[in-house]
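What follows is the residue order along each chain.
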Amino acid sequence: MSARGESIPNESPNNGLVRRRLLAGACVTGVATVASQLAAPEASAAPSRTDLFHYWESQQRSLGYSQGVRVDNTVWLSGTAALDKDFNCVSPGDLPAQMTFIYQRVKESLGKYALDFRHVVRENMYVTDMNALVGALPYRKGIYANGPFPTSTTIQVNQLLVPGLMIEIEVTACRALP
């Protein structure tokens, strides 16, 4: 099916359905790329998944989450907070100190996948005090130096999991980047 809704010769019903859904969702940009990927043989290998239990492994298993998950070239890291190995808050109430601690943990987690901050394409920050974050932003900028920079969203929340936590950061990275 073309962008105008016309059929494409020899198109499988599943590819046509996926293409219609993509087009209906305003995902027109890159349709040629998507179409070439959809036309791949049905016998292609299923994506592989690698979970990372790192640093807080016992807490992760008891709470039912992974610190990181890699599927093919994409790595998602769970929100990382300033928690020690016993899940106690590090530097309660000190956002700059917590941010420094968090970026060290994120660096270690990325390293488990042979990645670094150049591979980060998305970063979400959850903070309890936006004014406190402003003073720590130069440190954050230093993490990414002169780029490449990730997309970024910052959200103020009432509280985080453990009292005293002021910031939690989650990232997505792409292994396909140099």
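An account of the accompanying structure is given in this report. (Residues numbered from 1 in each chain as written. Predicted model: local features only at pLDDT ≥ 70, side-chain atom pairs only at ≥ 80, totals over all residues. Heavy atoms only, no water.)

1. Observations concerning the environment of T154
Position of T154 among the secondary structure elements: in strand β5 (residues 151-156). It is 4.6 Å that separates the C-alpha atoms of T154 and M125, two residues lying 29 residues apart in sequence. Not counting chain neighbours up to four residues away, the residues in contact with T154 comprise M125, V127, M130 and L133. (Helix = DSSP H or I, 4+ residues; strand = E, 2+ residues; numbered from the N terminus. Contact = heavy atoms within 4.5 Å.)

2. Structural notes on the pairing of strand β4 (residues 120-127)
Inspection of the sheet shows β4 paired to strand β6 (residues 167-174) by seven bridges, in the antiparallel sense. In the strand pairing of β6, R122 is matched with T172. Tracing the backbone out of β4, into helix α5 (residues 130-144) and back to the parallel element β5 gives a crossover that is right-handed. (Pairing = 2+ DSSP bridges. Right-handed = clockwise from strand over helix to strand, strands pointing away.)

3. Description of the pattern of salt bridges
Scanning the entire structure with this criterion turns up four salt bridges. R140 serves as the salt-bridge partner of E123, at 2.6 Å between the closest nitrogen and oxygen. In this pair, E123 is assigned in strand β4 and R140 in helix α5, connecting sequence segments 17 residues apart. You can call E123 buried: its relative accessible area is 0%. Its relative accessible area of 13% is what places R140 among the buried residues. (Salt bridge = Lys/Arg side-chain N within 4 Å of Asp/Glu carboxyl O. Buried < 20%, exposed > 50% of the residue type's maximum accessible area, 1.4 Å probe, protein only.)

4. Regarding the nonpolar core
In a soluble, globular protein the nonpolar side chains are often hidden away together inside. Counting 33 residues, the largest nonpolar core has L95, M99, Y103, L110, F117, L165 and I167 as its most contacted members. At the level of secondary structure, the elements contributing two or more residues to this core comprise β3 (74-81), α4 (95-112), β4, α5 and β6. Here the element with the most residues in this core is α4; it accounts for seven residues. If sequence neighbours within four positions are ignored, L95 has contacts with V127, D129, A132, L133, A136, M166 and I167. (Core = buried A, V, L, I, M, F, W, Y, C linked by side-chain atoms within 4.5 Å.)

5. Points about the environment of Q159
Mapped onto the elements, Q159 comes out in the loop between β5 and β6. Residue classification places Q159 among the exposed positions, given a relative accessible area of 64%.

6. Description of the packing of aromatic side chains
How two aromatic rings sit relative to each other is given by the distance of their centres and the angle of their planes. Counted under the stated rule, the structure contains three aromatic pairs. Aromatic pair Y103 and F117: ring centres 5.8 Å apart, planes at 70°, arrangement edge-to-face. Of this pair, Y103 sits in helix α4 while F117 is found in the loop between α4 and β4, placing the two residues 14 residues apart along the sequence. Residue classification places Y103 among the buried residues on the basis of a relative accessible area of 1%. By relative accessible area, F117 is classed as buried at 12%. Here Y103 and Y139 contribute two aromatic rings whose centre-to-centre distance is 6.2 Å and whose plane-to-plane angle is 50°, an arrangement assigned as tilted. Of this pair, Y103 sits in helix α4 while Y139 sits in helix α5, and the two are 36 residues apart along the sequence. Between R105 and the ring centre of F101, over which it is positioned, the NZ or CZ distance is 4.5 Å. (Phe/Tyr/Trp six-rings, centres within 6.5 Å; stacked < 30°, edge-to-face > 60°. Lys NZ or Arg CZ within 6 Å of the ring centre and 35° of its normal.)

7. A few points about the packing of α4 against α5
Where α4 meets α5, the axes come as close as 9 Å, and the angle between the chain directions of the two elements is 25°. If you check the angle between α4 and α5, you find them roughly parallel. The element α4 and its partner α5 pack so that their crossing is right-handed. Packed against α4, whose contacting residues are L95, P96, M99, T100 and Y103, the element α5 presents A132, L133, A136, Y139, R140, I143 and Y144 at the interface. Of the residues belonging to the contact of α4 with α5, the class tally is ten nonpolar, one polar and one charged. (Axes fitted to C-alpha atoms, helices over the stretch in contact; angles between N-to-C directions. Parallel < 35°, antiparallel > 145°, perpendicular 65-115°, else oblique. Left-handed = near helix turned anticlockwise from the far one by under 90°. Nonpolar A, V, L, I, M, F, W, Y, C, P; charged D, E, K, R; others polar.)

So yeah, pure geometry; function would need other evidence.
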